[in-house]
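Below, each chain spelled out in residue letters.
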Amino acid sequence: MKDCIFDDFQNSVDESLLRHRSILDIITKLQESEARVNRAVAKSITNCGCIKLETKKQYTSNNINDSNLDDIKSSNASHIEGSLCDNCREVIEKELGNNLFYITSLCNVLDLNLYDILLKEYDKISILGKYTMR
């Protein structure tokens, strides 16, 4: 069922992309959409203030082993305090949706299947778990 949703989305994107089918158009629009996501998050902090940043140095250790991987994860923070208001959430969701559109457009023009890419990444994360170290 999930692959049907991804395939339907990918087909819908392909059908709706009429003018900007050039790879150059797509990658520049993708880059622009990524910048708009970043800008929307920054505006949530600087204009709205619904979230704020509380930064400090992240935990690092030269001696990484199984026993302290969980400690590293729990001690590293997102630096975000608060939560998105409804307006900021809506704006960020819209910008992320646009970003997904252009990621999918790039997949289409390169004859890649978005669902297959997701599955490969999921398998890699599932197999390696916390050892992916991203």
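Presented here is a report on the structure given in the accompanying data block. (Residues numbered from 1 in each chain as written. Predicted model: local features only at pLDDT ≥ 70, side-chain atom pairs only at ≥ 80, totals over all residues. Heavy atoms only, no water.)

**What to know about the side chain of glutamine 10**
Assignment of secondary structure puts glutamine 10 in helix α1 (residues 2-16). Judged by relative accessible area, glutamine 10 falls into the buried class, the value being 6%. Side-chain polar atoms of glutamine 10 contact the side chain of asparagine 108, separated by 2.8 Å. Engagement of the side chain of glutamine 10 in a polar contact is seen with the backbone oxygen of leucine 112, the distance being 2.7 Å. Leave out the neighbours within four places in its chain, and glutamine 10 touches Thr104, Cys107, Asn108, Leu112, Asn113 and Leu114. (Helix = DSSP H or I, 4+ residues; strand = E, 2+ residues; numbered from the N terminus. Buried < 20%, exposed > 50% of the residue type's maximum accessible area, 1.4 Å probe, protein only. Polar contact = N/O pair within 3.5 Å; in protein donor to acceptor, adjacent residues only side chain to side chain. Contact = heavy atoms within 4.5 Å.)

**Considerations on the packing of aromatic side chains**
For the structure shown, the criterion picks out two aromatic pairs. Ring geometry for phenylalanine 6 against tyrosine 115: centres 5.4 Å apart, planes inclined by 50°, an arrangement best described as tilted. Of this pair, phenylalanine 6 sits in helix α1 while tyrosine 115 sits in helix α5 (residues 114-128), and the two are 109 residues apart along the sequence. What makes tyrosine 115 buried here is its relative accessible area of 18%. (Phe/Tyr/Trp six-rings, centres within 6.5 Å; stacked < 30°, edge-to-face > 60°.)

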